[in-house]
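Residue-level structural notes
Each chain, letter by letter, is given below.
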Amino acid sequence: MICLLTLVSAEDVFAERMRIVVGGANFRAYPIAVSDVETASASTDSLNKVAKDFLKLLRRNVDFPRSLELVPPTSYLNDSRDSARKPYFKNWLNVGASGLITASLGGSPNQIKLTLRLFDVVRGKTLLSKNYEKPDKLLNEAIYDFLDAVVEVLSGEKGVYSSRIAYVKRMPKGKAVFVTTMDGKSVERVTAPNVLSLLPAWSADGKHLFFTSYLKNNPDLFQLEMEGRKLDWISNKRGLNIGASVSPDNSKIALTLSIDGNTEIYVMNREGKKLKRLTDSWGQDVSPTWSPDGSQIGFVSSRSGNPHIYVMQSDGTGQRRLTFQGKYNQEPDWSPRADGQIVFTARDERLAYDIFLVNPKTGVITRLTQDQANNESPNFSPDGQQIVFTSTRGPKKGKKLYIMDVDGANQRRIVMDAIQVETPAWGPRSAN
Amino acid sequence: MPQKNRLRGLRRAIVTSIALHFIVLAGFVVARDSQARPKRTHKVIVTKLVKLGKKRPKELLPRKTQPKPAAPKSVLPKVPKTSQPEQKKKPAPDKPTSKRVLSALERLKQNNIVEDDSEGDPDGVVEGTETDLSQAIVGNRFATEIYRCLKSKYELAGLKPSQVAGKSVSVVLWIAADGSFKDHRIEEGSGLERFDDAVEQAILRCGKVEPPPKSIQRMVLEDGIEVQFQP
């Protein structure tokens, strides 16, 4: 009887379903190939040159974001069955591509007609197709727009190709603010070279750039309209007018003023009016940064003796210290993502400046850079997935521009001409 | 006569006993089948080893784990010698330490370069690291085999951690007696096509594991194994 019951019970074991949890996926880039540009058979030499330059820039840009990886062009197979409209997918699969971008180019250099397509090589289907008509000098805009769309198709979130990065560069007679695209294709100086201009910050819509300048001999806050290059004097209070940070709804500016001698955080409207003081401590309170929903402001305060990261409500209430590790924490920037962390620069016990993240809820600190010279002035990309910063690593002296993923991976230099740079500010995506 | 009666009584008792056994057994089976069988699950516990060493002082900023140093040269296999007899090298005459070396040593002293101390937990294990390799699975060897195979093929290409955070894909996997994946079905998708595709790819690329132990062959073939893929 017992034996029989045991047998029946054993049946019950077979009814169990084993359960396994598999985590820790390998997040790798999407391998994408970019075929040679297809031009009309009767195309001129000048058009062929445009096509060649275009292809070089397109391939360079494909390799930029973490989510894409260019399959080396040297491995591509030539096949007469391949065309921009109908690729021969088997060949692309064989070289390890999951996706393929093709381009066909026609027209004249003054008005290029361009078609860009994205294919899923594995499934053999078209994922995206876009037409552009632009002069050859603006073809880079077509690349940014298309690759933003490619990233969106693949990941569900638009890329950041169309965003720009502002930074300060040391000049022979001062410091000037420059604005560049991520690939360094178009670098433009936007302030006078012989004046000290510092700490650029973008408006939430990317149409204006704020910076502190000694244009009128006092460190005042200016606003530059990017399209018309119109300069407005926003704040010229006695003492410092520095560290502007525009609220996510684009209506307010948080900044540091030293009206009464000590630096404190204030908030004003976009016209520089309705000034409200938020902090009042004996220490230095500087570098405000807005939380993504605009309800809180992170800042640096030395009220505890050393500079540390603090957080308060946007009306100045509920001020609390966030970092308790390290002795010199500064330059905070709050991620634009809803659950985002605050990135900041800190000096460690070896006196090296490095970049860290702090969780605004728990205060847990994560290190992003280490043992690679000094790394400072971190600033989030508009999607909160990457961080631009300055680093003194490498044989060339001075600070250079670098980007890394938000987990500290994939650190690489951008805009090779940018040497002796400071305080980069990554602007929002283009409104187009 | 009494002997006959005794035999008859014994026979009756045996028949009654068998009948009773049968009734109880049948009742048990009917009762078992009539109830909805609760699905019990084997939970695989994933543990993490902790590196042995001193705890880092709380007031200091965290440091990233250093990669393992390369194996010492002495561990490298010896290259077989050629037939030529080796000529003994004369010991090089002692050179006076160059000024450059001395000044470099002096600079190192001045810079007060701090060596990396072993940091971790006093209760940790010597071999413990903080990498994925340190994840040990306590539980069924077969489950571990499946876990390892799927994990090695589990790639989220073109997706970022923040895009899949909080999402998961649940799959039921049926495995044949030879260890090959007979069939699979996505029970609960993530809502992200590329995430679901990546899970399918991991299963297809894994394809086969070592044959399941006999005791669970029927279970993995008929009931399948539930696999939840998390980012």
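Throughout what follows, the structure given in this document is the object of discussion. A quick note: this is a predicted structure, and the numbers were derived from the prediction, not measured.

As a further point, take the overall build of chain A. Across its full length, chain A holds four helices and 31 strands. Counting only C-alpha atoms and orienting by the principal axes, one finds that chain A spans roughly 95 × 75 × 40 Å. Buried positions account for 54% of the 432 residues belonging to chain A. Carbon and sulfur atoms make up 50% of the accessible area of chain A, which amounts to about 18,900 Å² in all. Averaging the locations of the 57 positively and 47 negatively charged side chains of chain A gives two centres separated by 4 Å.

What follows is about a nonpolar patch on the surface. Residue and element names in this part refer to chain B. The grouping of Leu7, Leu10, Ile14 and Ile18 at the surface amounts to a nonpolar patch, some 400 Å² of accessible area in total. Positionally, leucine 10 belongs in helix H1 (residues 2-34). For leucine 10, a relative accessible area of 51% translates into the label exposed.

Moving on, we come to the environment of A:Ser186. Residues and elements named next belong to chain A. Looking at the element boundaries, serine 186 is found in the loop between strand E9 (174-181) and strand E10 (187-189). Considered as a pair, serine 186 and arginine 164 are 22 residues apart in the sequence and their alpha carbons are 9.7 Å apart. The residues contacting serine 186, other than those within four sequence positions of it, are Asn140, Val179, Thr180 and Thr181.

To continue, consider helix H2 (residues 45-62) of chain A. In an α-helix, one turn spans 3.6 residues, which is why side chains three or four residues apart end up on the same side. Residues and elements named next belong to chain A. Compared with the 26 Å implied by 1.5 Å per residue over 18 residues, the 26 Å span of H2 between its first and last C-alpha is a close match. What H2 keeps buried is the set Leu47, Val50, Ala51, Phe54, Leu55, Leu57, Leu58, Arg59, Asn61 and Val62. In this structure, the buried residues of H2 make contact with strand E2 (30-34), strand E3 (38-39), strand E4 (68-70), strand E5 (99-108), strand E6 (111-120) and helix H4 (139-155).

On to the side chain of A:Thr102. Residues and elements named next belong to chain A. Tracing the backbone shows threonine 102 in strand E5. Look at threonine 102 and you get buried, because its relative accessible area is 1%. The contacts of threonine 102, once residues within four sequence positions are left out, are Ser35, Ala84, Pro87, Thr115, Leu116, Arg117 and Phe119.

Bringing the packing of aromatic side chains into the picture now. Two aromatic rings are characterised by how far apart their centres lie and by the angle between their planes. All names here are of chain A. Counted under the stated rule, the structure contains 10 aromatic pairs over all chains. Chaining the aromatic ring pairs together yields one cluster made of Phe211, Phe222 and Trp233. Positioned above the aromatic ring of tyrosine 88, the side-chain terminus of arginine 81 is 4.0 Å from the ring centre. One Lys or Arg, lysine 169, reaches over the ring of phenylalanine 178 and ends 5.7 Å from the middle of that ring.

All names here are of chain B. Running from N to C, helix H3 (residues 141-153) and helix H5 (residues 193-206) cross one another at 120°; their axes reach a closest spacing of 8 Å. The angle between H3 and H5 falls in the class oblique. H5 is crossed by H3, and the crossing has right-handed handedness. For the pair H3 and H5, contact is made by Cys149, Leu150 and Lys153 and by Ala202, Ile203, Arg205 and Cys206, respectively. Here the contact of H3 with H5 is built from residues that sort into five nonpolar, no polar and two charged.

The next thing to look at is the nonpolar core. In this structure, A:Phe54, A:Ile101, A:Leu114 and A:Val150 are the most contacted members of the largest nonpolar core, which totals 60 residues. Among the elements that take part in this core, H4(A) stands out by supplying 10 residues, more than any other. Setting aside anything within four residues of it in sequence, one finds A:Ile101 in contact with A:Ile32, A:Ala33, A:Val34, A:Ser35, A:Leu58, A:Val62, A:Leu116, A:Arg117, A:Leu118, A:Phe146, A:Leu147 and A:Val150. A:Ile20, A:Ala25, B:Ile225 and B:Val227 belong to the second largest nonpolar core, which has 33 residues in total.

All names here are of chain A. Mapped onto the elements, threonine 212 comes out in strand E12 (residues 208-213). Here threonine 212 falls in the buried class, since its relative accessible area comes to 1%. A distance of 2.9 Å separates a polar atom in the side chain of threonine 212 from the backbone oxygen of asparagine 241.

Residue and element names in this part refer to chain A. Looking at the element boundaries, histidine 308 is found in strand E21 (residues 308-313). The buried category is assigned to histidine 308, whose relative accessible area is 2%. C-alpha separation for the pair histidine 308 and glutamine 325, spaced 17 residues apart in sequence, amounts to 8.7 Å. In contact with histidine 308, not counting residues within four places along its chain, are Phe299, Val300, Ser301, Arg321, Thr323, Phe324, Gln325, Gly326, Lys327 and Asn329. Among the polar contacts listed, one links the side chain of histidine 308 to the side chain of arginine 321, at a separation of 3.0 Å. Side-chain polar atoms of histidine 308 contact the side chain of threonine 323, separated by 2.8 Å.

It is worth spelling out the state of the cysteines at this point. Residues and elements named next belong to chain B. Under the definition given, this model contains one disulfide over all chains. One disulfide bridge connects cysteine 149 with cysteine 206, the sulfur atoms lying 1.8 Å from each other. Taking the sign of the torsion about the S-S bond as the criterion, the disulfide between cysteine 149 and cysteine 206, at about 130°, is right-handed. With cysteine 149 in helix H3 and cysteine 206 in helix H5, this residue pair connects regions lying 57 residues apart in the sequence.

Residue and element names in this part refer to chain B. Inspection of the sheet shows strand E4 (residues 169-175) paired to strand E5 (residues 181-188) by six bridges, in the antiparallel sense. The partner of leucine 173 across the bridge, within E5, is histidine 184. Linking E4 back to E5 in an antiparallel pair, the connection comprises five residues, with glycine 179 at a positive phi of about 90°.

Rules and cut-offs
Residues numbered from 1 in each chain as written. Chains lettered and ligands numbered in written order. Predicted model: local features only at pLDDT ≥ 70, side-chain atom pairs only at ≥ 80, totals over all residues. Heavy atoms only, no water. Helix = DSSP H or I, 4+ residues; strand = E, 2+ residues; numbered from the N terminus. Buried < 20%, exposed > 50% of the residue type's maximum accessible area, 1.4 Å probe, protein only. Areas by Shrake-Rupley, 256 points an atom, 1.4 Å probe, with all protein chains shown as cover. Lys, Arg positive; Asp, Glu negative; His and termini not counted. Charge placed at Lys NZ, Arg CZ, Asp CG, Glu CD. Patch = residues over 30% accessible without salt bridge, like charges linked within 9 Å, V, L, I, M, F, W, Y side chains within 5 Å. Salt bridge = Lys/Arg side-chain N within 4 Å of Asp/Glu carboxyl O. Contact = heavy atoms within 4.5 Å. Expected span 1.5 Å × (residues − 1). Phe/Tyr/Trp six-rings, centres within 6.5 Å; stacked < 30°, edge-to-face > 60°. Lys NZ or Arg CZ within 6 Å of the ring centre and 35° of its normal. Axes fitted to C-alpha atoms, helices over the stretch in contact; angles between N-to-C directions. Parallel < 35°, antiparallel > 145°, perpendicular 65-115°, else oblique. Left-handed = near helix turned anticlockwise from the far one by under 90°. Nonpolar A, V, L, I, M, F, W, Y, C, P; charged D, E, K, R; others polar. Core = buried A, V, L, I, M, F, W, Y, C linked by side-chain atoms within 4.5 Å. Polar contact = N/O pair within 3.5 Å; in protein donor to acceptor, adjacent residues only side chain to side chain. Disulfide = S-S within 2.5 Å. Pairing = 2+ DSSP bridges.

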